[in-house]
Structure formats: structure tokens, C-alpha cells
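What the coordinates show
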Amino acid sequence: MEVQRRVGQGTLSEIVGDAGLDVDKFSRTTGFYQAAVANVATLDPKIKAVIQAYVNGVNEFIRGNYRHSVGFKVLGFNAQPTFTIADVLAYSKLVSYSLSANWNAEVKRLSNHLVRNVTGTRLAQLDPMEPQTTTTVISDAAIGDRYANLTASNHRDVPLEAEVARLDAYMATAGASASAAQIKSAFAAMSQNSAKRSNKRSQQQIEEENDIKMDGDANAKSLQSEMYLADLLKMMSVRPQKSGARSVYDRARATLPSFFNSMPGHRKASNNWVLRGNLTETGKPLLCNDPHLDLSIPSIWMVAAINTTDFSVIGSSFPGMPGVPIGHNYHTSWGVTNSGMDVQDLFVMDEVNATSYRHNGVIKSYTFRDEKIKVKGESTVNWPVRESVYGPVVNPIYDESKLTHSLSLRWTSLDLNDSTLQAFYGLMRAQNFADFRNALQYYVAPAQNFIFADTAGDIGYQLPGKMPIRVANHTGTYPVPGDGSFDWVRMAGYWNESLWVQNPPEGFIASANNMIATAKYPLLILNDRDWE
């Protein structure tokens, strides 16, 4: 839990020195903790009280007779009873990041095109479209005509070659990115007057890194069985790689593989299935779930039983997060696999200078965050982060010498209103399928395949989470112009547009990170070339 919150805050360098700097840079640039702090004020009062009670218990445990494990002794520090609601929310966003692959896929495709001169045609060949005849989680028969009146926005007919050519044409006239030196100078000049959204902790970070190589997924070896402690000890014993090695992003994954690994989040082969009673010996539904998150010591998962005057529930939970994401109570059971829903897009900015950009024909100012990273045994590192209307500019964590234009990240997990934990609060109390669906209306990210069964004999499925509705010709596969012409239109409506099924005609539902539905479901979940 201590490592999790430090990764979320971007304060790992405080305990391991400059070996943790790349992880902190990545976290501060993305803004996990900043988004979490902002989310605290938007929580439902009841849910806020629940999380506060949880962190109060954690802090009281630390204040008591807690015997610090060998990891704390080796690293030379003790856990402090200072856990907050924001720490819980930040970890939730880290989990969401680990299960969201599209951002990295877009960077990889853009990198291959710009750096390696891979053509749009070849990119399309490397990632072919999944055929509509493939086995899907939800059948056409189960969908029926429920979504027949929705306007199609799956953009399946847009070729990747056209998206690459469109961005090339845009970048030929759009303003290029300011240099790191120009950004640093601009920030110094405006730091006294800039409106900053900063974390409420000793904060954030750092300065340069312009000679690093953008190698994407090819350079990061997945070390899924690494222990957190082993990762940290490696970081402390091996000096950070200098120029010519990897980007901040790649080094962060190489130095802390227990949090950053090379496997896209939706390709880890999790599976779940539920059978209706007519297919079981007992005549009752049978539900099974096998989520394939990485193996680690300590484990990502823990078994938890919660008994209150209102409900009793048992299942799998995350250390550091209240609630039971996978489990059952006396009436209902539920399980999840990652849906792979595309909720991340990169927008290529039309930059005027280091402090401003054009959007919808208007010159707008970047918001600057002054991130100060405390480093054990060394001076604090200053790391300016710029944000556009979309979100953080992520160039500094890649090779800026190869990225000619600024890339800004739009991601649902960084949105102000994230009520995901409220969904789990409702799930633990659900007594039927209606309660199940009602609880999941509050779910934001990471979007999951939720399956359901109850003692009354019903089974069901719900795909919850904020799902962007994109403009025509925007598949989410490749970065798009950030001039306003490709901004997300809205989020799909939960009650009338999200995908759900109750008691499908097949009598079962099964998912394994595969394509969820054919074009019978008309909204874009994930572009067909990105399904496993």
C-alpha cells in the first residue's frame, strides 16, 4: 500500500533516490494524484464517509502496534499514518491505467510512422481488423433490436491509411512543439502568476531528458512475477540509465515492472463465464471468474469478507481500496474481465508558442503545473507540466526530439467526476439484476465486462464506464488533430446506450478479453484492429 500510494503521488524518489525519478516523472506528468485530489470534492457524501473511515482505520493501524516488514527496514523508512481519501482514488486510477492500452498503442503507431517511416498501409497490415464473424462476448441474438434506433458511431469503415494521411497533412501546417528549454523558460517567467492546479503534498518534478530513444513496447521486458521490494532494491542498487537508453516511460516500466509492464492491459487473457440454471446440475446459475492481473509479492489481490448490519459480502479486493470488485453476497454474485474499451485519445496540438495553442480558432493558454520532486540525498527536481483542454502534454516522457508536435492526452480517468467506488458500494448490496445495473451507473473506469448471477435464477451482463462518442472518421486508433475538429462529442448514455443483457437465449455469457459485440451494437467500444 505504501508503494502504491507513492507511485500514485509521484513521490517514490523520496525513499529510493534518483532511481525512482522516471516513475515519478511519469506519474506527475499523467496527473494521477492531481486528478484524485480534484475528485475528492465531487464524491457522494456517503461514499466519502466510507472511504474516510477506511483510511482512518489504516492510519490507526499504523499508529498502533504495527511491526514494519523487512521491506521497510531494508529501505530505511517507516510508513506514516497519513493515508488520505486521495491516496485511495489515485490507486484506483493506477489500476485503470494498467488496464487501458490505447494510449500506448497510439504512441507506438505514431512513432513507427514518424521515426521508422512505416507507412499507413503497412501499419494497417501489422494490426489487421478482427473479422465480424469472430466469437463475441454478447451474441447478435442476445442484442436483438434494442439498439436499432441509435446512430452508428463505430466508424468501422475508416481505413487507418486515411487517418495517417490526415494527420500528416495537419502536422504540415500546425504549429510545432516548443523545445524543453523554451517551456522551462516560459514557466520560469510566468510562475508567479500562473493559475496552478497542484497536489496538496510536497510535489513535483523535474527537468530535462531530450536525448532518449522512443522505443515503445519493443524495449520493455515484462517481468510479471517481480516483487515490489525486489524492484525497489534494484532501483537503489543500479544507477538510472543515462542518455541513449530509453524514454522516461520505458525506463519507468523497466525499473518498476510490478506496476509498469509491456503487456497491453486488455491482452492478459482474463476470463469469466456464467451459466443459467438450465445448463447446470443444480438448476441454479453458476458463475466463475479468473482475472489475470500480474503475479506479485505482495499480491495485487486479497480475499476480504465484510459483515455489517446492512449486508455481508465476500470476494477479492485490492489492498488500499475499500470494497469488493469481485465477489458475492447472500443474493447476487458478480465477476469482471477487462473490456479493452478505448477511453484514451492523443490530440496533436497546433502550438503557438510554449504557453499557448490554437483550439477552435481561438488561442488558448496552457495550464502549467509546477511539479517539485523530492529526491533522497539530492536536490529537489523541478518538472513543469503543461495541460491543454484535453489534458496533460505527454511529450516529456517520450523522445521529444522525434515528436515534432505536442501530444495532449484525453482520458476518462482524469475527468473530474469519478464515482467508480460508489458503484462497488452498490454492488455489495445488490439483491437482483435491477440493483446490479443501478449500481453500475456510477462506474467510470476502467471499463469492464461485468457478469452477474442471483439466487432467483437470473444471469446478466453489463458494460459500464464512461464511453466516448467520437466524431465521424475518428476511430481512436491513431492520434488526431487537436484543433477542436475531433473533440469528443459526449459520453454515451448509461440507461439507453450502454451494452447490457439479461438471460440471453444461449443460457450463458463468457468473456476472455475478446471482441464484445459485432456491428449489431452500433457504438464504438474499441476499434476492430485492437481486439485480441
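All of the points below concern the structure found in this document. Since the model is a prediction, treat every value here as computed from it, not as a measurement.

Once that is clear, we can look at the environment of Y398. The residue Y398 is located in the loop between β12 (381–387) and β13 (407–411) in this model. Overall, Y398 belongs to the buried group, its relative accessible area being 2%. Along the chain, Y398 and Y249 lie 149 residues apart, while their C-alpha atoms are 6.4 Å from each other. Engagement of the side chain of Y398 in a polar contact is seen with the side chain of W103, the distance being 3.3 Å.

Okay, the packing of helix α1 (residues 2–9) against helix α3 (residues 21–30) next. It is at 7 Å that the axes of α1 and α3 come closest, and there the two elements cross at 60°. What the angle tells us is that α1 and α3 run oblique. Within the contact between the two elements, α1 uses R6, V7, G8 and Q9 and α3 uses V23, D24, S27 and R28. A per-class count over the contact of α1 with α3 returns 2 nonpolar, 3 polar and 3 charged.

To continue, consider the pairing of strand β1 (residues 271–275). Side-chain alternation along β1 places N272 and V274 on a buried face and N271, W273 and L275 on a face that remains uncovered. Pairing between β1 and strand β2 (residues 286–290): 5 bridges, direction antiparallel. Bridging from a neighbouring strand, N271 pairs with D290 of β2. Here β1 pairs with strand β20 (residues 508–511) via 4 bridges, running antiparallel. Its bridge partner lying in β20, V274 is registered against I509.

The next subject is the sheet that holds strand β8 (residues 350–353). What the 3 strands build is an open sheet, ordered β8-β9-β10; its pairing is antiparallel. Among the strands making up the open sheet, the edge pair consists of β8 and β10 (362–365). Strand-to-strand twist of the sheet, defined as the mean angle between neighbouring strand axes without regard to direction, takes the value 40°. In the sheet, strand β9 (residues 356–359) pairs with β10 via 4 bridges, with the strands oriented antiparallel. Counterpart to S356 in the pairing with β10 is S365.

Here we come to the side chain of T412. Within the element layout of this structure, T412 appears in the loop between β13 and α15 (420–427). Given a relative accessible area of 0%, T412 falls into the buried group. What T412 contacts, discounting residues up to four positions off in sequence, is V343, V444, A445, K466, P468, W488 and M491.

The next point concerns helix α14 (residues 248–255). Buried residues dominate α14, accounting for 6 of its 8 residues. Buried within α14 we find V248, Y249, D250, R251, A252 and R253. Against α3, α7 (85–98) and α8 (102–114) lie the buried residues of α14.

Quick look at the sheet that holds strand β5 (residues 326–328) now. Strands sit in the order β3-β4-β5-β6-β14-β15-β19 across an open sheet of 7 strands; the sheet is antiparallel. Every interior strand has two partners, whereas the edge strands, β3 (302–307) and β19 (500–502), have only one. Within this sheet the neighbouring strands show an average axis-to-axis angle of 15°, counted without direction. Summarising the sheet, strand β14 (residues 448–454) and strand β15 (residues 459–462) pair through 4 bridges and their orientation is antiparallel. Bridge pairing in β15 links F450 to Q462.

Attention now goes to the pattern of salt bridges. Tallied over the entire structure, the rule returns 23 salt bridges. Note that K93 and D418 form a salt bridge whose closest N and O atoms lie 3.0 Å from each other. Here K93, found in helix α7, pairs with D418, found in the loop between β13 and α15; they are 325 residues apart in sequence, far enough to count as distant. Taken individually, K93 and D418 each receive the classification buried, so the pair is uniform in this respect. Salt-bridge contacts for D530 lead to R109; the nearest nitrogen and oxygen are separated by 2.6 Å. Of the two residues, D530 sits in the segment after β20 while R109 sits in helix α8, which places them 421 residues apart along the sequence. Residue class for D530 comes out buried when judged on its relative accessible area of 5%. Accessibility expressed as a relative area gives 4% for R109, which makes it buried. Several salt bridges converge on common partners, so that one network encompasses E2, R5, R6, E14 and D87.

So, how was this worked out
Sequence order as written defines the numbering, with residues in each chain counted from 1. Restriction of local features to residues with pLDDT of at least 70 applies here, the model being predicted, together with a cutoff of 80 or more for giving and counting side-chain atom pairs; totals for whole chains, interfaces and linings are based on all residues. Water and hydrogen atoms were dropped before computing side-chain values, which therefore reflect all heavy atoms in the structure. In this text, helices come from DSSP runs of H or I with a minimum length of four residues, and strands from runs of E with a minimum of two, each type numbered from the N-terminal end. Burial status follows relative accessibility: with a 1.4 Å probe on protein chains alone, a residue under 20% of its type maximum counts as buried, one over 50% as exposed, and anything between as partly exposed. Throughout this description, a polar contact denotes any pair of N or O atoms lying within 3.5 Å of each other; where both atoms belong to protein, one of them has to be capable of donating a hydrogen while the other can accept it, and for residues adjacent in sequence the pair is counted only when both atoms sit in side chains. In this analysis an axis means a line fitted to C-alpha atoms, helices contributing only their contacting stretch, and an angle means the value between N-to-C directions, from 0 to 180 degrees. Just so you know how the angles are binned, under 35 degrees is roughly parallel, over 145 roughly antiparallel, 65 to 115 roughly perpendicular, and the rest oblique. The contact criterion used is simple: two residues touch if any of their non-hydrogen atoms lie within 4.5 Å. Basically, the charged four are Asp, Glu, Lys and Arg, the nonpolar ten are Ala, Val, Leu, Ile, Met, Phe, Trp, Tyr, Cys and Pro, and anything else, Gly included, counts as polar. Two strands form a pair only when DSSP identifies at least two bridges running between them. A carboxyl oxygen of Asp or Glu within 4 Å of a side-chain nitrogen of Lys or Arg is what we treat as a salt bridge.

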